[in-house]
Amino acid sequence: QASKCDSHGTHMAGVLSGRDAGVATGANVRSLRVLNCQGKGTVSGTLIGLEFIKATLEAQPYAPLVVLLPFAGAYSRVLNAGCRRMAQMGVVVVAAAGNYKDDACLYSPASEPEVITVGATNSEDQPASIGTLGTNFGRCVDLFAPGDDIIGASSDCSTCFTAQSGTSQAAAHVAGITAMLLSAEPQLSLAELRQRLLHFATKNVMDTAWFPEEQRLQTPNSVAGLPTQLGADKQLYCRSVWSARSGLTWHATAVARCASAEEMLSCSSFSHSGRRLGEHMEDKDGQKQCVAHNAFRGRGVYAIARCCMWPRAECWINASSPVAEGAGCSPRDHVLTGCSFHSPAVALGDSGRPVAGLGSGPSHCASRMEVMAHALCCPAADLECRVKERRVKEHTSLGSAGKVMVSCDDGWTLTGCNAHSQNPGTMGAYAVDDTCVAASIPGSSTAVVIAICCRSR
């Protein structure tokens with residue numbers, strides 16, 4: 001039926017591995033049809049397709065496999081679960097974010113955390129407008145890739161080309177890069193591949209004004225790029241995972257978690273109103289999570305987990321005791337990678353901050369007695385960490401957005417990010433690549449941003 005269709009599948013294969021216009025030239029591609037000629041399909045039809053792939057995998061020796069899902073439908077818990085099962089088998093699933101100029105978390109399979117979800121950019125590396133709408137965005141998107149007017153193979157004839165646009169084309173680019181990375185390192189896990197894709201991406205080129213204001217911070221400003229090197233390296237890779245916004249009631253919580261193979265090395269929180277009770281780190285069901293707390297009259301809060309790829313080091317969370325100020329790590333054999341501070345009663349202001357150790361002494365999380373501090377501690381044999389801060393005295397020098405930033409030096413990776421301010425406090429802190437950003441509330445007399453930067457020994 002190819003001649004009666006719009007060449008969508010042929011175009012995908014061409015972008016992914018075509019001889020003349022493909023990313024991973026020569027990759028072995030198999031097509032599995034789950035949509036009709038109008039691009040329509042069902043969840044059950046897609047699940048049957050995934051089941052077929054699963055059965056094929058089980059019947060043959062393992063080879064690294066990338067599954068490209070170049071479509072997006074309404075949110076489906078069942079379809080997300082099917083994709084999650086594929087990921088648990090070691091399959092790398094790459095999905096289109098969707099072409100609805102909307103939050104990708106409202107669509108499937110784009111909203112599944114174990115899927116690599118790709119938004120689209122145009123030839124200027126800006127968010128792509130597609131038809132009357134455009135690329136989806138938000139915290140469920142992992143990165144963006146070219147998806148506007150992309151040349152690829154056409155099913156009209158054996159030497160025909162055609163141009164198509166959409167997040168399907170963007171996802172095909174990323175699937176091709178993933179295939180290149182896997183051909184060099186077949187043992188790479190999904191989590192390692194995602195971190196490498198982000199590492200090789202071009203950062204902060206998109207004008208985020210294209211996105212709705214409430215989605216700008218959570219949408220990753222990363223456009224996929226070809227790897228500058230292939231092969232094993234021992235670098236510490238980290239990314240930020242944002243939660244959905246909490247409810248508006250007092251003590252409402254938001255929770256952010258890392259992907260299954262990642263290690264959470266710190267936790268921070270953010271509120272546009274500045275009314276937050278901070279955040280805390282906890283172990284739940286064998287996985288660390290970051291929990292943020294909304295304050296009285298707050299407008300909702302976000303939790304932000306810092307998720308890193310590290311050979312599953314035995315990192316743990318130390319909590320402050322009711323009779324001690326702050327929390328720390330064992331000085332002999334552990335280093336501090338992150339701090340969290342939770343004030344049960346009043347909105348956070350100057351209640352806690354990471355403090356560098358004196359001389360070669362250990363860093364710790366310093367807080368007032370009534371504030372609960374948590375320190376995340378990792379083995380010192382693997383990591384070397386240090387605290388870096390920047391202080392701004394006058395709010396007028398913070399700029400119109402009231403932001404203070406500090407970046408880790410070359411070769412160091414940001415693992416922890418905290419904001420500290422005298423009344424009325426800060427909106428919170430979040431990481432942008434290896435830069436820690438603190439957003440201060442207008443009228444704050446002092447703002448301090450504190451980064452914890454680590455590198456492999």
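Notes on the structure follow. As the structure is a computational prediction, the values presented were derived from the model and not from experiment.

Right, let's get into the overall build of the protein chain. Check the secondary structure of the protein chain and you find five helices and 30 strands. By the compact-globule yardstick of 23 Å for 457 residues, the protein chain fits well, its C-alpha radius of gyration being 23 Å. Oriented by its inertia axes, the alpha-carbon framework of the protein chain measures out at about 75 × 45 × 35 Å. For the protein chain, buried positions account for 53% of its 457 residues. Of the contacts formed within the protein chain by residues at least 6 apart in sequence, a portion of 72% connects residues at least 24 apart. Per element, the accessible surface of the protein chain, about 20,100 Å² overall, is 51% carbon and sulfur.

Attention now moves to the sheet that holds strand S27 (residues 413-421). Spatial ordering of the open sheet is given by S25-S30-S27, a layout of three strands whose pairing is antiparallel. Of all strands in the sheet, those with a lone pairing partner are strand S25 (383-392) and S27, marking the two edges. Each adjacent strand pair in this sheet contributes to an overall mean axis angle of 15°, direction not counted. Relative to strand S30 (residues 447-456), S27 is paired through eight bridges, and the arrangement is antiparallel. Across the sheet, Cys-417 pairs through a bridge with Ala-451, a residue of S30.

Burial analysis of strand S15 (residues 263-270) places eight of its eight residues in the buried class, which makes it a mostly covered element. When S15 meets strand S18 (residues 302-309), the two strands line up antiparallel, connected through seven bridges. Residue Ser-269 lies in a different strand from S18, and its bridge partner there is Ala-303.

Next up on the list: the pattern of salt bridges. Tallied over the entire structure, the rule returns 16 salt bridges. Its salt-bridge partner being Arg-196, residue Glu-185 comes within 3.4 Å of it at the nearest N-O pair. Residue Glu-185 is found in the loop between helix H4 (167-184) and helix H5 (190-200), and its partner Arg-196 is found in helix H5; the two are separated by eleven residues along the sequence. According to the relative accessible area criterion, Arg-196 is buried, its value standing at 6%.

Looking now at the packing of helix H2 (residues 43-59) against helix H3 (residues 77-88). Running from N to C, H2 and H3 point in directions that differ by 10°, and their axes come no closer than 10 Å. Here H2 lies roughly parallel to H3, going by the angle between them. Side by side, H2 and H3 meet where Val-43, Thr-46, Leu-47, Leu-50, Ile-53 and Lys-54 of the first sit next to Val-78, Leu-79, Gly-82, Cys-83 and Met-86 of the second. Residue classes in the contact of H2 with H3 are distributed as eight nonpolar, two polar and one charged.

Moving on to the environment of Arg-299. In this structure, Arg-299 sits in the loop between strand S17 (287-294) and S18. Taking the relative accessible area as the measure of exposure, Arg-299 reaches 53% and is therefore exposed. As for Arg-299 and Gly-428, which are separated by 129 residues in sequence, their C-alpha atoms are 13 Å apart.

When you line up the elements, Asp-142 lands in the loop between strand S7 (133-134) and strand S8 (143-146). Engagement of the side chain of Asp-142 in a polar contact is seen with the backbone nitrogen of Thr-117, the distance being 2.8 Å. In this view, Asp-142 contacts Val-115, Ile-116, Thr-117, Arg-194, Leu-198, Pro-220 and Arg-239; residues no more than four positions away in its chain are not counted.

Looking now at the sheet that holds strand S22 (residues 352-355). The three strands lie next to each other as S20-S23-S22, forming an open sheet whose pairing is antiparallel. Across the chains shown, the open sheet's two edge strands, defined by having one partner strand only, are strand S20 (327-328) and S22. Direction of pairing for S20 relative to strand S23 (residues 364-367): antiparallel, over a ladder of two bridges. What sits directly across from Gly-328, in S23, is His-364.

For the rest of this paragraph, the subject is the pairing of strand S24 (residues 372-379). Most of S24 is tucked away, with seven of its eight residues classed as buried. Relative to S24, strand S19 (residues 316-319) is paired through four bridges, and the arrangement is antiparallel. Counterpart to Ile-317 in the pairing with S24 is Leu-376. Strand direction decides the pairing type here: strand S21 (residues 334-342) and S24, joined by eight bridges, are antiparallel. The residue bridging Cys-339 from the neighbouring strand is Ala-375, located in S24.

Let's shift gears to the environment of Cys-454. For Cys-454, the location among the structural elements is in strand S30. Classification of Cys-454 as buried rests on a relative accessible area of 0%. When the C-alpha atoms of Cys-454 and Val-335 are compared, they prove to be 9.3 Å apart, with 119 residues separating the residues in sequence. Leave out the neighbours within four places in its chain, and Cys-454 touches Leu-236, Leu-336, Thr-337, Leu-383, Glu-384, Cys-385, Trp-412, Thr-413 and Thr-415.

Quick look at the state of the cysteines now. For the coordinates displayed, the defined rule picks out eleven disulfides. In this model, Cys-329 is linked to Cys-377 through a disulfide, with the two sulfur atoms separated by 2.1 Å. Between Cys-329 and Cys-377 the sulfur-sulfur dihedral comes to about -85°; the bridge is accordingly left-handed. Note that Cys-329 is positioned in the loop between S20 and S21 and Cys-377 in strand S24, a separation of 48 residues in sequence. Accessibility assignment for this pair places Cys-329 and Cys-377 in one class, buried.

Turning our attention to the nonpolar core. Side chains of a nonpolar character, in soluble globular proteins, are inclined to be buried together. Counting residues in hydrophobic clusters, the biggest one holds 41 residues, and the most contacted among them are Met-264 and Leu-383. At five residues, S24 tops the list of elements feeding residues into this core. Every residue in contact with Met-264, bar those within four places of it in the chain, is listed here: Cys-258, Met-281, Lys-288, Gln-289, Cys-290, Ala-305, Arg-306 and Leu-376. Ranked by size, the runner-up nonpolar core spans 31 residues in total, among them Val-92, Ile-130, Val-174 and Ile-177.

Thresholds applied
- Residues numbered from 1 in each chain as written.
- Predicted model: local features only at pLDDT ≥ 70, side-chain atom pairs only at ≥ 80, totals over all residues.
- Heavy atoms only, no water.
- Helix = DSSP H or I, 4+ residues; strand = E, 2+ residues; numbered from the N terminus.
- Rg over C-alpha atoms; globule rule 2.2 N^0.38 Å.
- Buried < 20%, exposed > 50% of the residue type's maximum accessible area, 1.4 Å probe, protein only.
- Contact = heavy atoms within 4.5 Å.
- Areas by Shrake-Rupley, 256 points an atom, 1.4 Å probe, with all protein chains shown as cover.
- Pairing = 2+ DSSP bridges.
- Axes fitted to C-alpha atoms, helices over the stretch in contact; angles between N-to-C directions.
- Salt bridge = Lys/Arg side-chain N within 4 Å of Asp/Glu carboxyl O.
- Parallel < 35°, antiparallel > 145°, perpendicular 65-115°, else oblique.
- Nonpolar A, V, L, I, M, F, W, Y, C, P; charged D, E, K, R; others polar.
- Polar contact = N/O pair within 3.5 Å; in protein donor to acceptor, adjacent residues only side chain to side chain.
- Disulfide = S-S within 2.5 Å.
- Core = buried A, V, L, I, M, F, W, Y, C linked by side-chain atoms within 4.5 Å.

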